[in-house]
Amino acid sequence: QVQLVESGGGLVQAGGSLRLSCAASRSITSFNKMGWYRQAPGKQRELVATITSGGSTNNADSVKGRFTISRDYAKNTVYLQMNSLKPEDSAIYYCNAVVRTTIIEIRNYWGQGTQVTVSS
């Protein structure tokens with residue numbers, strides 16, 4: 001079992017920055033992938049950024065050049081640095097971890113979410 005706890009959300013003006021953190025309840029070194037997703041009211045949850053165990057990252061087109069995902073193994077934490085924020089970035093941001101639990105099973109774990117609101 002893995003618990004993920006997000007923090008760092010809040011209210012910021014357009015053009016501002018926030019850094020989200022996702023702390024895992026155990027070592028993340030063996031996780032297949034971790035990432036950030038977001039869901040705005042009335043919309044489906046969408047991928048923001050992911051990072052694989054090998055360090056490869058993938059960003060949604062809408063955030064390329066503005067958001068950066070990173071991780072700290074010592075702190076079992078993944079970060080999302082968000083710069084040049086826009087009102088359309090407002091959403092609940094969720095942390096995700098993809099973990100192989102057995103030879104044949106892979107599980108998805110989700111955090112409870114953190115609200116990001118960008119005012120114009």
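Computed from a predicted structure; not experimentally measured.

Trainee: Tell me about the overall build of the protein, residues and numbers included.
Mentor: Counting its regular elements, the protein contains 0 helices and 11 strands. Counting helices and strands in the order they occur from the N terminus, the protein gives β-β-β-β-β-β-β-β-β-β-β. For 120 residues, the compact-globule estimate of 2.2 N^0.38 gives 14 Å, and the C-alpha radius of gyration of the protein, at 14 Å, lies within 12% of that figure. Principal-axis analysis of the C-alpha atoms gives the protein an extent of 50 × 30 × 25 Å. Counting only residues that meet the buried cut, the protein has 42% of its 120 residues in that class. Nonlocal contacts in the protein, meaning residues at least 24 apart in sequence, comprise 54% of its contacts between residues at least 6 apart. Element-wise, carbon and sulfur atoms account for 48% of the exposed surface of the protein, whose accessible area totals about 6,400 Å².

Trainee: Break down the side chain of Asp-89 for me, citing the residues and quoting the values.
Mentor: Tracing the backbone shows Asp-89 in the loop between strand 8 (77–82) and strand 9 (91–100). The class of Asp-89 is buried, set by a relative accessible area of 1%. Polar side-chain contacts of Asp-89 include one of 3.0 Å to the side chain of Arg-38. At 2.8 Å, the side chain of Asp-89 and the backbone nitrogen of Lys-86 are in polar contact. When near neighbours in sequence (up to four residues on either side) are disregarded, Asp-89 contacts Arg-38, Arg-66, Phe-67, Ser-84, Val-116 and Val-118.

Trainee: Could you give me a rundown of the environment of Thr-52, with the residues and numbers involved?
Mentor: By secondary structure assignment, the location of Thr-52 is in strand 5 (residues 46–52). Take Thr-52: its relative accessible area is 25%, and that puts it in the partly exposed class. Residues Thr-52 and Ala-97 lie 45 residues apart in sequence; the distance between their C-alpha atoms is 9.9 Å. Excluding residues that lie within four positions of it along the chain, Thr-52 makes contacts with Asn-32, Lys-33 and Arg-71.

Trainee: Any chance you could break down the sheet that holds strand 1 (residues 4–7) for me, citing the residues and the numbers?
Mentor: Within the open sheet, the 4 strands sit side by side as 1-3-8-7. Their pairing is antiparallel. Two strands lie at the open edges of the sheet, namely strand 1 and strand 7 (67–72), each paired on one side alone. Adjacent strand axes in the sheet meet at a mean angle of 15 degrees, parallel and antiparallel pairs treated alike. Here 4 bridges tie strand 1 to strand 3 (residues 18–24), and the two strands are oriented antiparallel to one another.

What counts and what doesn't
Residues numbered from 1 in each chain as written. Predicted model: local features only at pLDDT ≥ 70, side-chain atom pairs only at ≥ 80, totals over all residues. Heavy atoms only, no water. Helix = DSSP H or I, 4+ residues; strand = E, 2+ residues; numbered from the N terminus. Rg over C-alpha atoms; globule rule 2.2 N^0.38 Å. Buried < 20%, exposed > 50% of the residue type's maximum accessible area, 1.4 Å probe, protein only. Contact = heavy atoms within 4.5 Å. Areas by Shrake-Rupley, 256 points an atom, 1.4 Å probe, with all protein chains shown as cover. Polar contact = N/O pair within 3.5 Å; in protein donor to acceptor, adjacent residues only side chain to side chain. Pairing = 2+ DSSP bridges. Axes fitted to C-alpha atoms, helices over the stretch in contact; angles between N-to-C directions.

Honestly, it's all geometry; don't read function into it.
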